[in-house]
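# Overview (structure and organization)
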Amino acid sequence: MPTVPETPDPLVLRAPRLLDGTGAPPVDAAALLVESGRIAYAGPAAGLPEGAERVEALDFPGATLLPGLVDSHVHLVASGGPDLAADVPKTEAERMLAAVVNARRQLEAGVTLVRDLGSPGAEAVLVGRAVEAGTIPGPRVVASGPAVTMTGGHIPYLGRVTDGVEAMRAAVRANLALGARCIKVVATGGVLTQGIDPREPAYTQAELDALVDEAHRLGLTVAAHAIGEGGVAAALRAGVDSVEHGMFLDERAIELFLKTGARLSATFLAPHGILVGPSVPAWIKDRARPTAEAQARSFRAAVSAGVPAVAGTDAGTPENPHGGVAREVAFMAEAGLDVLLAVKAATGEAADLLGVTDRGVLRQGAAADVLVAGGDVAADLGALQRPAAVFQDGRRVG
Ligand SMILES: [Zn+2]
């Protein structure tokens, strides 16, 4: 990352348009007033408070001001090599190094908040603490700790292998003790793990119910990896807060989403990376193909029924390097999500799911995490992939 000069405080940012992360239409001739790391004003430049004309200002012609992006599904310990099991380093020291490098990549892409959904131990928790302390560059991290997965289930090498109703409660508590702020449960088979098919449910209803009950009781949200209809329905019945992947959605699943208010994190980049990656093993491609074929149709049906989408990349999985959430937004829009809702999915909606309500939006009082995208985002989502500047807590970091 290039060296960035000290950021003036207070500071005014101006651009021809602003998206606030709530899904509201763009504000034209916009300005942000940033003071002590917080947003003091966001809106039309004409409405800046008195005295703002004496504040140092940065102009970004042609750009869009928007909240720093949020990626609600990453694996910081993995770096996008062709085979995830081989890509996750075997020692904790190497995993920490990978996570530190990947955190910086996220920030360089304008991502200021991520949810890490599976590492072997406390790696992502520790990266998040170091970012908060200001010792390393990276996004804020809401981490799940190890994913809760059954014997014979998906990603045991990023997980805590757990079987049985009472053991589910113990697994939640063990992750809480590691510093987890959410829980990841593997509710179906997965593309990247041989054995149980991605379309088959993993845990019993009773196991999922116990896990979600315990997590919510302790103030932790739950993300369920679920690909097939049966596992998606079981996870939603248990009350999970988000479904990750959800490639096969039937009417029953969509009804359950609407009834529970759960969000859908489709992770289009995950099967995409597997299918386009030249070195990804054939058995992984074979398992990914049916999920990729079903995905756009399921996603379109869900969002047109009103299921809230959040942007998650599953970064770290094959040929899916960190920093790709802007591409995920483009995939969601291509699959039928309204452009403003696609931006909301990678900002306000995702931050709300992560329980971080003072980020992901540009409004008075929120943390000044700002992406200045080099173009008109509402007209061209590709502009999200061209960061002109990135601010975190009011400080320019890119
Ligand atoms: Zn994942």
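Definitions and limits used
- Residues numbered from 1 in each chain as written.
- Predicted model: local features only at pLDDT ≥ 70, side-chain atom pairs only at ≥ 80, totals over all residues.
- Heavy atoms only, no water.
- Helix = DSSP H or I, 4+ residues; strand = E, 2+ residues; numbered from the N terminus.
- Rg over C-alpha atoms; globule rule 2.2 N^0.38 Å.
- Buried < 20%, exposed > 50% of the residue type's maximum accessible area, 1.4 Å probe, protein only.
- Contact = heavy atoms within 4.5 Å.
- Areas by Shrake-Rupley, 256 points an atom, 1.4 Å probe, with all protein chains shown as cover.
- Pairing = 2+ DSSP bridges.
- Axes fitted to C-alpha atoms, helices over the stretch in contact; angles between N-to-C directions.
- Donors = N, O, S within 2.8 Å, 3.2 Å for Na, K, Ca; no water.
- 1 Å grid on protein atoms, 1.4 Å probe; cavity = no way out; pocket = protein on both sides within 12 Å on 5 of 7 lines; lining within 4 Å.
- Points joined across faces, edges and corners; volume = space filled by probe spheres on them.
- Nonpolar A, V, L, I, M, F, W, Y, C, P; charged D, E, K, R; others polar.

### A short note on the overall build of the protein
- The number of helices and strands found in the protein is twelve helices and 18 strands.
- In terms of overall dimensions, the protein is globule-like: its C-alpha atoms have a radius of gyration of 20 Å, near the 21 Å expected for 398 residues.
- Each principal axis of the C-alpha distribution contributes one length, and for the protein these read about 65 × 45 × 45 Å.
- Taken over 398 residues, the protein has a buried fraction of 58%.
- If you take every contact in the protein between residues at least 6 apart in sequence, the share linking residues at least 24 apart comes to 68%.
- When the accessible surface of the protein is summed, it comes to about 14300 Å², and 52% of that surface belongs to carbon and sulfur atoms.

### Regarding the sheet that holds strand β6 (residues 69-74)
- The strand order β6-β7-β8 describes an open sheet built from three strands, whose pairing is parallel. Both edges of this open sheet fall to β6 and β8 (140-143), since each of them pairs with a single strand only. Geometrically, the sheet is characterised by an average inter-axis angle of 15° between neighbouring strands, direction not taken into account.
- Where helix α2 (residues 92-108) meets the sheet, its contacts fall on β6 and β7 (111-116), and the angle it forms with β7 comes to roughly 135°.

### Structural notes on the coordination of the zinc ion
- Surrounding the zinc ion are the protein donor atoms H73 (NE2), H75 (NE2) and D314 (OD), which sit 2.0 to 2.1 Å from the metal.
- Positions of the donor residues of the zinc ion along the chain correspond to the pattern H-x1-H-x238-D. Per residue, the accessibility class of H73 equals that of H75, and both read buried.

### Let's talk about empty space enclosed by the protein
- This structure, assessed with the given rule, holds two cavities of 30 Å³ or more.
- As a volume, the largest cavity reaches approximately 190 Å³.
- H154, L192, H225, H245 and D314 are the residues nearest the centre of the largest cavity, which is lined by 19 residues in total.
- Sort the elements by how many residues they give to the lining of the largest cavity and helix α8 (residues 269-276) lands first, with three residues.
- By residue class, the composition of the lining of the largest cavity is ten nonpolar, seven polar and two charged.
- Looking at the second largest cavity, its volume works out to about 40 Å³.
- Lining the second largest cavity are L19, D20, G21, T22, G23, A24, L340, V343 and K344.
- Classifying every residue of the lining of the second largest cavity gives four nonpolar, three polar and two charged.

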